[in-house]
Structure formats: C-alpha cells, structure tokens
Amino acid sequence: MPVNWDQKFKAEYDYAKSFLGQPESFDAGWQALVRRLHKMMDDGGPSSGEADALTRLRAKVKEGDATLLGHKTIGMDQGILQAAKAWSKTNSATLDDQAKMRAAALKLLCHLYMVQRSGNRTIWVESVPKAFRAWPTDDIFSRANSVDALRVLLRSDDEHFTREDRKHLSAASAHGLAWCQKTLMVLASASGAGKAKTPSKAGLHARGVVKRWFADPATTEAELDVFIDSLTIGFKKVLAKFTRGKLILTDWVPFRSKADAAEQSWFDAEAFTFRSEFEGLDVVYVESNFFVNNAGNVLKGQKNWTRIIVHELTHLAAGTIDVNIGNARYAWYGIGPHAGFKGSDAVKNADSWAFFAADCGGALTDGERAVALKIV
C-alpha cells in the first residue's frame, strides 16, 4: 500500500489554524488567548512574536478555579475540554465534531516549542505525545468516540521528543548553521583560486577540499569551477533556511502505526523532508533512527545529528538527491568520488554535501574522513 503523502504536517497545521480562527466558538475566558495563538500561526510557519502564547497555553490548560494563592491545578484534558466548550463533570457533554477539532488544535499547540531564536531565525519542535498514532485532528476524530477516550488522548504528556532531545535538535541546527557559513567561505576561496593567475596557498587548499568530495580523477578544472558555482548557489539557499527561515522539526506521526512495510521503512529512517514548495513549510521529519548510534555510522552523537540536519536541508533548499549507484550513496557505504561514482554524481548527492560541510566546518577527524571517502 503506498504511503499517503497528503498527511504532511502542513495539512495538520492549516486545519488547526482554521479552527483557531473562530475564537467565538471557544469558551469566553479563552477567546483572547485563542486569538493570539491564531495570530502566531503565520502561513509560512509559527511567528516568534507570539511564541509566549504557547507558554501561556501550557499553563492555562492546567489552571482550575481561582484561589487566594492563584489557581487550583486541573488536568490538561479538563482544561482543553473547558476551552473547547466540551467539558462536563459527568462526562455528559455533547461531543460534536467541531468541539473535538477545537480540542485537537489546542492539543497540537500544547506540544509546539520554539527551541532557538536569533534575529530572523527560529527553530521549532512539534512533539506530539506518544499516545497518538496520527496527527491530533485525525486521531481525535477517529479514535475519540467518547469523552473518556478523548480525555485519554488530551491528558497524554509523554512527548515524542524529550526536553533533552529538543536541546540536541536545537544544537544540531546551530552547528549546521556554522558549518554552512564556513563552507561558503571555503567555496569563495576555491572559486577565487580558480580565476586567479597566481592563486594563493589558502585558495589552492580550499580548492583541494572541494576536489576531495566532488572531483573524480577525470574531472577537469573547468568542470570543478562549475561544481563550485553550483555548490555556492546551493549552500546560500541552505544558509538562508538557517538564518532567515522558520524550521520545524517533528516526526511523521502517522508512521507510528506502521501499517505496512513502506511505512515501516520511513519510520526506520533517520530523517526526511520535502522541497519547500512541495509542502509550503520548512519541515524536517525526524524519525526513529535519528538519535541512534548505529554501529555502521561514520559519525556519532551531536556531530551526526548535525550532519543529518544539513543533509536534509540540502534536499529541502537545494534539491539534492540520495544518489543510488551500487547502493544509496551515504558515507557509511562510501562517497569517495571515482570512475564508478563520478563528480557529476557526487555534486548532486546530499550526504556528499553534508560531509563536505562538516569538513569545511572542521568537524571531521582524519579517520572519519577516510571512512567516508572510501572508494566503492
């Protein structure tokens, strides 16, 4: 059975936004916050200007009746149902579809975090709790056929990404930004060396770094110049996603149910993404093997997580692919350019771009570089 690629995060985001655009349908005490949450949900992704509305949301869903010292504490399920006008102490409230969708929209945003902000750059993590087997609007609509069943989903708080995971994802994005900045410096130096009558030592070294990852023995200097120009254009696009974009990191929640082999294979991936124009938001789907230090991995830990983010952003922003010659050309298999994996193939290959960026960023040891560049 083919994967239903219509179940992107963007579809869930837009559907939730549509319900938050009707603040009058929520409880009167919630309408001001709902307006802020709707304002936060720009068409191009969450807006940092209203990010504190998410913090307020996570507090408000647990605020019960007022006391002299503040508020009594209630469960998130009760708070969300009260906001959605679907709460009853006896579980006798009318559970209509519109109320369920209002609740689902709030539940989605309860688990959205801005983990990094610098200038115009924001990094967001959507961490839907593990109890969900589909996006909240879909799961609540299909599985929550009673108030009790709905409350189970709404009070779930075992988030897919832990607080520590969110820190690692934020750090990977920050390191990826630094790698790409240094990569563009290397490319500029390499390009200058190709045009200068008497290239500098630094320029020749930079040109050598590019050759290391993208030039097979038959690659000419003119062809290398074309590769450098292509890489420069691409890495500028990637850097723009880091410096001016709204990058959202989440998992593809429907894959948690793993209905067939195709979904299982994507669930078992490290991560994947789509070109920006194909989704409408900049989203990287972080899957089950992202944080796993598999035995065959060339890189480990934070360095590998950074490599994955850069790899995926080259797909998203620059249109790289995972070249399959002999096998998918990931570093664990071998991405050293040669007659069987030509420079013209390497310059399209996402993991070649990611390891080149890691090399330019000074992140690779000699041993890691040698393993990645093996000839296969």
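Residues numbered from 1 in each chain as written. Predicted model: local features only at pLDDT ≥ 70, side-chain atom pairs only at ≥ 80, totals over all residues. Heavy atoms only, no water.

1. Describing the side chain of Asp260
Item 1. By the secondary structure assignment, Asp260 is in the loop between β7 (246-250) and α11 (261-267).
Item 2. Notably, Asp260 is buried but unbridged: the nearest opposite-charge side chain belongs to Lys258, and the N-O separation is 11 Å. (Helix = DSSP H or I, 4+ residues; strand = E, 2+ residues; numbered from the N terminus. Buried < 20%, exposed > 50% of the residue type's maximum accessible area, 1.4 Å probe, protein only. Lys, Arg positive; Asp, Glu negative; His and termini not counted. Salt bridge = Lys/Arg side-chain N within 4 Å of Asp/Glu carboxyl O.)

2. What to know about the packing of helix α2 (residues 31-40) against helix α3 (residues 52-60)
Item 1. Packing of α2 against α3 brings their axes to within 9 Å, and their N-to-C directions diverge by 140°. Classified by the interaxial angle, the pair formed by α2 and α3 is oblique. The handedness of the crossing between α2 and α3 comes out as left-handed. Residues Leu33, Arg36, Leu37 and Met40 of α2 form the contact with α3, whose own contacting residues are Asp52, Ala53, Leu54, Arg56, Leu57 and Lys60.
Item 2. Of the residues assigned to the contact of α2 with α3, the class counts are 6 nonpolar, no polar and 4 charged. (Axes fitted to C-alpha atoms, helices over the stretch in contact; angles between N-to-C directions. Parallel < 35°, antiparallel > 145°, perpendicular 65-115°, else oblique. Left-handed = near helix turned anticlockwise from the far one by under 90°. Contact = heavy atoms within 4.5 Å. Nonpolar A, V, L, I, M, F, W, Y, C, P; charged D, E, K, R; others polar.)

3. Some words on the state of the cysteines
Item 1. Applying the stated criterion across every chain, the model contains 0 disulfides.
Item 2. With no disulfide of its own, Cys180 has Cys360 as its nearest cysteine by sulfur position, at a separation of 9.5 Å.
Item 3. Take Cys180: its relative accessible area is 0%, and that puts it in the buried class. (Disulfide = S-S within 2.5 Å.)

4. Quick notes on helix α6 (residues 136-143)
Item 1. Residues of α6 that are buried: Pro136, Thr137, Asp139 and Ile140.
Item 2. Where α6 is buried, its residues meet α1 (9-20), α5 (97-110) and α7 (147-155).

5. A short note on the sheet that holds strand β8 (residues 271-273)
Item 1. Pairing in this open sheet of 5 strands is mixed, and the strands run β5-β6-β7-β9-β8 from one edge to the other. The open sheet has two edge strands with one neighbour each: β5 (112-118) and β8. Neighbour to neighbour, the strand axes of the sheet diverge by 20° on average, direction disregarded.
Item 2. Pairing of β7 with strand β9 (residues 282-286) involves 4 bridges; the strand directions are parallel. The residue bridging Thr250 from the neighbouring strand is Tyr285, located in β9.
Item 3. Helix-sheet contacts for helix α8 (residues 163-195) involve β5, β6 (121-126), β7 and β9, and the interaxial angle to β5 is about 30°. (Pairing = 2+ DSSP bridges.)

6. A look at the nonpolar core
Item 1. Ranked by size, the top nonpolar core spans 58 residues in total, and within it Trp213, Phe214 and Phe356 carry the most contacts.
Item 2. Elements with a minimum of two residues in this core: β6, α8, α9 (201-214), α10 (221-244), β7, β9, α13 (301-318) and α15 (350-360).
Item 3. The greatest single-element share of this core, amounting to 9 residues, is contributed by α8.
Item 4. Those residues in contact with Phe214, other than ones at most four positions away along the chain, are Thr219, Phe227, Leu231, Pro337, Gly343, Ala346, Val347, Ser352, Trp353 and Phe356.
Item 5. Among the nonpolar cores identified, the runner-up in size contains 53 residues, and Ala84, Leu109, Leu112 and Phe132 belong to it. (Core = buried A, V, L, I, M, F, W, Y, C linked by side-chain atoms within 4.5 Å.)

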